[in-house]
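# Residue-level structural notes
Listed below, chain by chain, are the residues.
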Amino acid sequence: MKLIDPAKPKRSRSTALALGAGALFVSSLFSQMLGLMTLVVTARLLTPADFGVIAYFMIIVALLEILQRSVMVILIRQDEISDDLLNTVFTIQILLGVISAGLIWLSSQLIELLNVPELVELIPSLCLLALMSSLRSPRFPLLERNFRFGFAAGEETISRVTYTLFAILLAWFWRDFWAIVVAVVLTQLARVIWSFSVAPMLPRLTLRCWRDCFGFSMWSVGVQIIQFLTTNMPQIVIGATLGLVDAGIFRIGYRFVLLFTVQVFAPLERVIYPGLADASRTEGTSQKTFEQANAILLGIIVPISVGMALVSKYMIIVVAGYQWVAAAQVIWILAPLKAVETLQANVKSASYVEGNTRLLFLRNGMLLIITIVFMLFGTRFGFTGALIGAGASSLAAIFITLIMARNFGVGGFFKPVLAAWRSFVATGVMTVAVLILISAYGNEDVAGWAYSSVDDLPLLRIRFSAQVLTGIVTYIGTHLLLWHMVGRPRGFESMALDLLSKIKNHFIGSPENRKPGTGT
C-alpha cells in the first residue's frame, strides 16, 4: 500500500495559515462582490415567486455539496494517506452521488406536497447535479491539508465568476428561475474540471480502506445533514406555511445575511480545520489555535453583520430595489445573531479533530428540534412571527455552542466571546457613530424624500456610502486604540498587522532584500 506524503511548504504553520487565510479571505471578498452584483441584477430581472423556487432549489444543491464535503474532510484528519484511501474516498463519493440522485428521483411525490410544481420540473437537473458533485478529485483536499490554500481560493474564484457570468446573462434573456438552474450546473462542471486540473489522478473504484472512512464519515455526514436542515428550516417552513412570495422576501434578506457572515467565513473555515488538525498531530493539543480562531472570527464577522443591520434599509433599496424593502427586517433581526452563531464552525472543526462527531450529531439534532418548534409557532403570527422564531432559534444555537466550546478552550462559559471583547467594544462605538450620523439626516418625511422615488437614489447612495465609511473608520480606529491601551497583546490586531506585513513583503519585498538601485 503506497503512502502519499505531499511535501509541505517550508513556511511555519502560523505563516502558512496566515497567508492561506489572506488568500482565501481576498478570494472570498471578491466572490462576495460578484455574488452581490449577481443578486443586484437578478433581483431586478426575476420575481419574488422565482426567488421562492430558487430558494428550494439552492437548499437541495447546498445539501449535495455538504454531503460530498463531509466525505472529503476525512483526508485532512488522517495521519497517513495512501492510494487505497484516496480511491476509497472517491468510491464513497460516487456511491453517495448515485444514492442522492436516486432518492431525489424517487421523492417526486414528496416534493409535490410542498405545493411548488416548478420543483418537480427541476428533478432531472437536481439528479444531474448529484452525480456531478461526486466527481471531484479526491487529491484536492490534500492541498488544504498541506496548507496550499491558493488552489482553494482559485476554486472559489472560478466558481463565482462562472456562476455570475451565466446567471446574469441567462436571466437577462430568459427572465425566469431556469437561468439560475443552468448557471449552477455550469458552475459545478467548472469545479470538477478545476479539481482534476490542479490535483490530477486516475481514480479507481475500491472500498479497501472503508474501515478508515465509515466510522468517522457516517457521523460526519449525519452532522452535516442535520446542521444543513437546521440552517434552512426557517426558509422551508416559511415557504410551506406563508407562501412563495414571503419565501422569496426571506430568501433575499437571508441571502444578504449569509453573504456577509457565514459565506465570508466559509473559506476561512477551510484554513482553521487543517490548522487545528496539524496542531493536534504535532503539538498534541489544538487549544491555543482554537482560541485564536475564535478571536479572528468575531473580529471580522461581528462588525460586518452589525454594520449591515444598521444600513440594511438603505442597502436593500440601493442594491436590490424598493420592491424588496420588506427584506430589511430579516437583516435587522438575524445578522447580529448569525455573526456570533458562526462560532459553531470553530466548534465543529475542533470536534472533527478530536473525532467527537457523535456529540456534534446530538447537538445538531437537539437544535433541529428546537428550530422546528420555534418556526412552526412563529409562523402562526405571520412573517414577523416567523422572523422572531428564527431569531430565537439562533439564540439557542449560540447557547449550545458556548457550552460545547468549553471542551476545547479554557475559561468559563463566555470565554469564547470575552476573548474578543475589544471587537465588541469597537462594534458598540461604531454603532453609536453610525446612529448619530443617521439622526443628523433628520426625519425621512421632513427631509422631503421618499424611498419609492427613483429621483432619490443618488441621495440614498451618498448616505449609504457615508454610513459605511463612518463605520469602517470608527471600528478600526477604536480597535487599534483599545489594543494600544492594554499594552498591545498578541491577539486579533497583531495577527492582522502581521498578515498585512507578510502580504506586503510577499508582493513588494522587504527593504533589506531589495537589490541596490531598485528603489528606496
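Residues numbered from 1 in each chain as written. Predicted model: local features only at pLDDT ≥ 70, side-chain atom pairs only at ≥ 80, totals over all residues. Heavy atoms only, no water.

A negative phi angle characterises most non-glycine residues, just as the trans form characterises most peptide bonds. Of note in this structure, arginine 175 is not a glycine but carries a positive phi near 60 degrees. Note on placement: arginine 175 falls in the loop between helix 9 (150-174) and helix 10 (178-198). One non-glycine residue, arginine 488, lies in the positive phi region at around 50 degrees. Structurally, arginine 488 can be placed in the loop between helix 23 (457-485) and helix 24 (492-507). The exposure class of arginine 488 is exposed, given its relative accessible area of 52%. (Helix = DSSP H or I, 4+ residues; strand = E, 2+ residues; numbered from the N terminus. Buried < 20%, exposed > 50% of the residue type's maximum accessible area, 1.4 Å probe, protein only.)

Glancing now at the pattern of salt bridges. Scanning the model with the defined rule gives four salt bridges in all. A salt bridge links arginine 136 to glutamate 65, with the shortest nitrogen-to-oxygen separation between them at 2.7 Å. Taken together, the residues span a long stretch of sequence, with arginine 136 in the loop between helix 7 (123-132) and helix 8 (140-145) and glutamate 65 in helix 2 (residues 48-72) at a distance of 71 residues. Linking glutamate 155 and arginine 136 is a salt bridge whose minimum nitrogen-to-oxygen distance equals 3.3 Å. You can see glutamate 155 sitting in helix 9 and its partner arginine 136 sitting in the loop between helix 7 and helix 8, a full 19 residues away along the chain. When its relative accessible area of 9% is taken as the criterion, arginine 136 is described as buried. A cluster of three or more residues bridged by salt bridges with shared partners is formed by Glu65, Arg136, Glu155 and Arg191. (Salt bridge = Lys/Arg side-chain N within 4 Å of Asp/Glu carboxyl O.)

What follows is about the packing of helix 2 against helix 4 (residues 83-106). The axes of two packed helices give the description: the angle between them and the distance between them. Close contact between helix 2 and helix 4 brings their axes to 9 Å; oriented N to C, the two are set at 155 degrees. In terms of orientation, helix 2 and helix 4 fall into the roughly antiparallel class. Note on packing geometry: the crossing formed by helix 2 with helix 4 is right-handed. On helix 4, the residues touching Ile60, Leu64, Leu67, Gln68, Val71 and Met72 of helix 2 are Val89, Ile92, Gln93, Leu96, Gly97, Ser100 and Ile104. (Axes fitted to C-alpha atoms, helices over the stretch in contact; angles between N-to-C directions. Parallel < 35°, antiparallel > 145°, perpendicular 65-115°, else oblique. Left-handed = near helix turned anticlockwise from the far one by under 90°. Contact = heavy atoms within 4.5 Å.)

Note on soluble globular proteins: their nonpolar side chains tend to be buried together. Phe57, Phe250, Ile252, Phe256, Ile316, Trp324 and Ile331 are the most contacted members of the largest nonpolar core, which has 62 residues in total. If we skip the residues at most four places from it in the chain, isoleucine 252 touches Leu39, Ala43, Phe51, Ile316, Trp324 and Ala327. In this structure, Leu297, Val306, Ala339 and Ile398 belong to the second largest nonpolar core, which totals 18 residues. (Core = buried A, V, L, I, M, F, W, Y, C linked by side-chain atoms within 4.5 Å.)

As a further point, take the confidence of the model for the protein. Detailed reading of the predicted model is not advised wherever pLDDT is low. Chain-level statistics for the protein give a pLDDT mean of 76 and a share of 70% at 70 or above. Per-element confidence in the protein ranges from a low mean pLDDT of 40 for helix 22 (residues 444-447) to a high of 92 for helix 10. Predicted confidence is poor over residues 510-520, with pLDDT under 50, and the contacts of this stretch with residues over four places away or in other chains come to four contacts. (pLDDT = per-residue confidence, 0-100.)

Among the structural elements, leucine 367 can be located in helix 18 (residues 357-378). Between the C-alpha atoms of leucine 367 and isoleucine 400, which are 33 residues apart in sequence, the distance is 8.3 Å.

Here a ring pair, both rings aromatic, is described through the centre-centre distance and the interplanar angle of the planes. Within the structure shown, the criterion is met by four aromatic pairs. Centre to centre, the rings of phenylalanine 377 and phenylalanine 381 are 5.4 Å apart; their planes meet at 65 degrees, and the pair counts as edge-to-face. Positioned over the ring face of tryptophan 172 is arginine 175, at 5.3 Å from the centre of the ring. Arginine 488 extends its terminal NZ or CZ atom over the ring of tryptophan 483, reaching a point 6.0 Å from the ring centre. (Phe/Tyr/Trp six-rings, centres within 6.5 Å; stacked < 30°, edge-to-face > 60°. Lys NZ or Arg CZ within 6 Å of the ring centre and 35° of its normal.)

Here helix 21 (residues 421-440) spans 29 Å end to end across 20 residues, near enough to the 28 Å set by a 1.5 Å rise per residue. Taken as a whole, helix 21 has its buried residues at Arg422, Ser423, Ala426, Thr427, Met430, Thr431, Ala433 and Val434. (Expected span 1.5 Å × (residues − 1).)

All right, on to a nonpolar patch on the surface then. Residues Trp421, Val425, Val429, Leu481, Met485 and Val486 make up a contiguous nonpolar surface patch of roughly 540 Å² in combined accessible area. If you list the elements that add at least two residues to the nonpolar patch, you get helix 21 and helix 23. Per-element tally for the nonpolar patch: the top contributor is helix 21, with three residues. Following the sequence through the fold, leucine 481 ends up in helix 23. (Patch = residues over 30% accessible without salt bridge, like charges linked within 9 Å, V, L, I, M, F, W, Y side chains within 5 Å. Areas by Shrake-Rupley, 256 points an atom, 1.4 Å probe, with all protein chains shown as cover.)

Looking now at the side chain of serine 100. For serine 100, the position within the fold is in helix 4. A relative accessible area of 11% means that serine 100 is categorised as buried. For serine 100, the contacting residues outside a window of four places in its chain are Leu64, Leu67 and Ala130.

Next up on the list: the packing of helix 4 against helix 7. Running from N to C, helix 4 and helix 7 cross one another at 170 degrees; their axes reach a closest spacing of 8 Å. Our classification of the angle between helix 4 and helix 7 gives roughly antiparallel. Contacts from Gly97, Val98, Ser100, Ala101, Ile104 and Trp105 in helix 4 reach Ile123, Pro124, Leu126, Cys127, Ala130 and Leu131 in helix 7.

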